[in-house]
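Each chain, letter by letter, is given below.
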Amino acid sequence: MCLDCNDLGMKGLKRRHLMKLAGLGFVASGIAPMAQASETKKPAAADAHGVDGHAAEAPAESGHDAPQAAEAKPAAADPHAAPADGLTPKQALAKLKEGNRRFVEDANACAADLAARRTELAGGQHPWAIVLTCSDSRVTPELIFGGVTLGELFVVRNAGNVLDTGALGTIEYGTEHLHAPLVVVMGHKKCGAVAAACDVVKKGAELEGSIGKMVQPILPVALAALFTSEDFVGQTVRNNAVSGTKRITEESAIVSHLVDSGAVKVIAAVYDIETGEVQFIDKIA
């Protein structure tokens, strides 16, 4: 299913339309299996989205007029295969920035043919970026970075984008075995988990249940940011993303080796939930 925005003469598709298109894609993913039970269809070529990388996914086909590929069983996945896009860390970061620019500007977008994309990915995945970010419902990397589709981002989410054991192990797997060239630790403005940690540090607040344990890794970051900025929470959000970025290479020999070899870049970022913009923090010293 694809909406050709240019043919319809639509300019400046608003973000709410992008959300609707994403919703249509998820509905299609639920309907497709029922339809396939009664009628077997040939898998269609995956839609091309974004700059650089998507075009590389299907070099022999273009646009929505490409002929359907011959029906075949998905190939067995090779966990050590090179990324299909062959992106460098610099190109992957540029792709994220371009996608975020289109998201902010409400650029035209097309809904992905998720049924065909699922078939294409059945043999293996080749994400080109790993994103560690917050579980906040307003922070959705697949939309924030230009409406990317299945198989592109390897996403880790928890409250406060904390680098715990599960997150670090996931990042190691994504870089070493899936060969994703970019890792982004992305905080966001008005983060509730970071605000809670700031309340503990500044006001002596006591958090019930497991929430107190959850924000413990943020407490040293909040303490260091106390009295350094008028925007205590905002500064802690930024510093927490930077801290997570540093800890990845300090605590993981696997990722550190890949960074030193130039195969992987690790970068911090902060998402503005009001404007939709992502600020990448290149200097983390």
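Just so you know, these numbers come straight off a predicted model, no measurement behind them.

*Asks:* Help me understand the overall build of the protein chain, please; the structure alone is not making it clear to me.
*Replies:* Across its full length, the protein chain carries 11 helices and five strands. Within the protein chain, the fraction of its 285 residues that count as buried is 40%. Partitioning the intrachain contacts of the protein chain with sequence separation of at least 6 by distance along the chain shows that 77% fall at a separation of at least 24. As displayed, the protein chain offers around 14,800 Å² of accessible surface, 54% of which is attributable to carbon and sulfur atoms.

*Asks:* I'm lost on the packing of helix 7 (residues 192-203) against helix 10 (residues 232-251) in this one. Help?
*Replies:* Look at helix 7 against helix 10: their axes get within 9 Å of each other, and the N-to-C directions meet at 115 degrees. In terms of crossing hand, the pair formed by helix 7 and helix 10 is right-handed. Facing Val194, Ala195, Cys198, Val201 and Lys202 of helix 7, the residues of helix 10 in contact are Phe232, Val233, Thr236, Val237 and Asn240. Class assignment of the residues belonging to the contact of helix 7 with helix 10 gives a composition of seven nonpolar, two polar and one charged.

*Asks:* When you look at the pattern of salt bridges in this model, what are you seeing that I'm missing?
*Replies:* Side chains that carry opposite charge are capable of pairing whenever their charged atoms lie near each other. Applying the stated criterion to the full structure yields 10 salt bridges. In this structure, the salt-bridge partner of Glu98 is Arg102, at a minimum N-O distance of 3.9 Å. Within this pair, Glu98 and its partner Arg102 are both found in helix 3 (residues 89-104), separated by four residues, close to a single helical turn. For the salt bridge of Lys189 with Asp272, the shortest nitrogen-to-oxygen distance reads 3.2 Å. Of the two residues, Lys189 sits in the loop between strand 3 (182-188) and helix 7 while Asp272 sits in the loop between strand 4 (265-271) and strand 5 (278-281), which places them 83 residues apart along the sequence. Among the residues examined, Lys189 registers a relative accessible area of 43% and is labelled partly exposed. Within the structure, one salt-bridge network assembled from shared partners comprises Glu98, Arg101, Arg102 and Glu105.

*Asks:* I tried to follow the packing of helix 6 (residues 165-176) against helix 11 (residues 253-260) on my own but got confused; where do I start?
*Replies:* The relative placement of two packed helices comes down to the angle between their axes together with the axis-to-axis distance. Contact pair helix 6 / helix 11: the axes reach a minimum separation of 9 Å and the direction vectors enclose 40 degrees. Overall, the two elements helix 6 and helix 11 adopt an arrangement that is oblique. Pair helix 6 / helix 11 crosses with left-handed handedness. In this structure, helix 6 uses Ile171, Glu172, Thr175 and Glu176 to contact helix 11, whose residues at the interface are Ile254, Val255 and Leu258. Split into classes, the residues belonging to the contact of helix 6 with helix 11 amount to four nonpolar, one polar and two charged.

*Asks:* Is there a simple way to think about the environment of Val183 in this case?
*Replies:* Tracing the backbone through its elements, the reader meets Val183 in strand 3. Taking the C-alpha atoms as reference points, Val183 and Ile130, 53 residues apart in sequence, are found 4.7 Å from one another. With sequence-adjacent residues up to four places away left out, Val183 is seen in contact with Ile130, Ile171, Thr175, Ile248, Val264, Lys265, Val266 and Ile267.

*Asks:* I'm lost on the sheet that holds strand 2 (residues 153-157) in this one. Help?
*Replies:* Think of a sheet as strands paired side by side through backbone hydrogen bonds, with each pair either parallel or antiparallel. Spatially, the five strands line up as an open sheet ordered 2-1-3-4-5, and their pairing is mixed. On the outer flanks of this sheet lie strand 2 and strand 5, each paired with one strand and no other. Taken pair by pair, the neighbouring strands of this sheet meet at an average axis angle of 25 degrees, ignoring direction. Relative to strand 2, strand 1 (residues 129-133) runs parallel, the two being bridged by five bridges. By the bridge assignment, Thr133 is partnered in strand 2 with Arg157. Across the sheet, helix 10 touches strand 3, strand 4 and strand 5, and the angle it forms with strand 4 is around 165 degrees.

*Asks:* What's the story with the side chain of Ser252 in this structure? I'm lost.
*Replies:* Following the sequence through the fold, Ser252 ends up in the loop between helix 10 and helix 11. Given the relative accessible area of 1%, Ser252 is considered buried. Those residues in contact with Ser252 that sit more than four places away from it in its chain are Leu168, Glu172 and Arg247.

*Asks:* Looking at this structure, how should I read the nonpolar core?
*Replies:* A general trend in soluble globular proteins is that nonpolar side chains are found buried together. Counting 36 residues, the largest nonpolar core has Leu132, Leu163, Ile171, Val183 and Ile248 as the members making the most contacts within it. Counting residues per element, this core draws most heavily on helix 10, at five residues. With residues near it in sequence (within four places) discarded, Ile171 still touches Ile130, Leu132, Leu163, Val183, Ile248 and Val255. Among the nonpolar cores identified, the runner-up in size contains 23 residues, and Ala92, Val184, Ile273 and Phe280 belong to it.

Here is what the cut-offs are and how they apply
Residues numbered from 1 in each chain as written. Predicted model: local features only at pLDDT ≥ 70, side-chain atom pairs only at ≥ 80, totals over all residues. Heavy atoms only, no water. Helix = DSSP H or I, 4+ residues; strand = E, 2+ residues; numbered from the N terminus. Buried < 20%, exposed > 50% of the residue type's maximum accessible area, 1.4 Å probe, protein only. Contact = heavy atoms within 4.5 Å. Areas by Shrake-Rupley, 256 points an atom, 1.4 Å probe, with all protein chains shown as cover. Axes fitted to C-alpha atoms, helices over the stretch in contact; angles between N-to-C directions. Left-handed = near helix turned anticlockwise from the far one by under 90°. Nonpolar A, V, L, I, M, F, W, Y, C, P; charged D, E, K, R; others polar. Salt bridge = Lys/Arg side-chain N within 4 Å of Asp/Glu carboxyl O. Parallel < 35°, antiparallel > 145°, perpendicular 65-115°, else oblique. Pairing = 2+ DSSP bridges. Core = buried A, V, L, I, M, F, W, Y, C linked by side-chain atoms within 4.5 Å.

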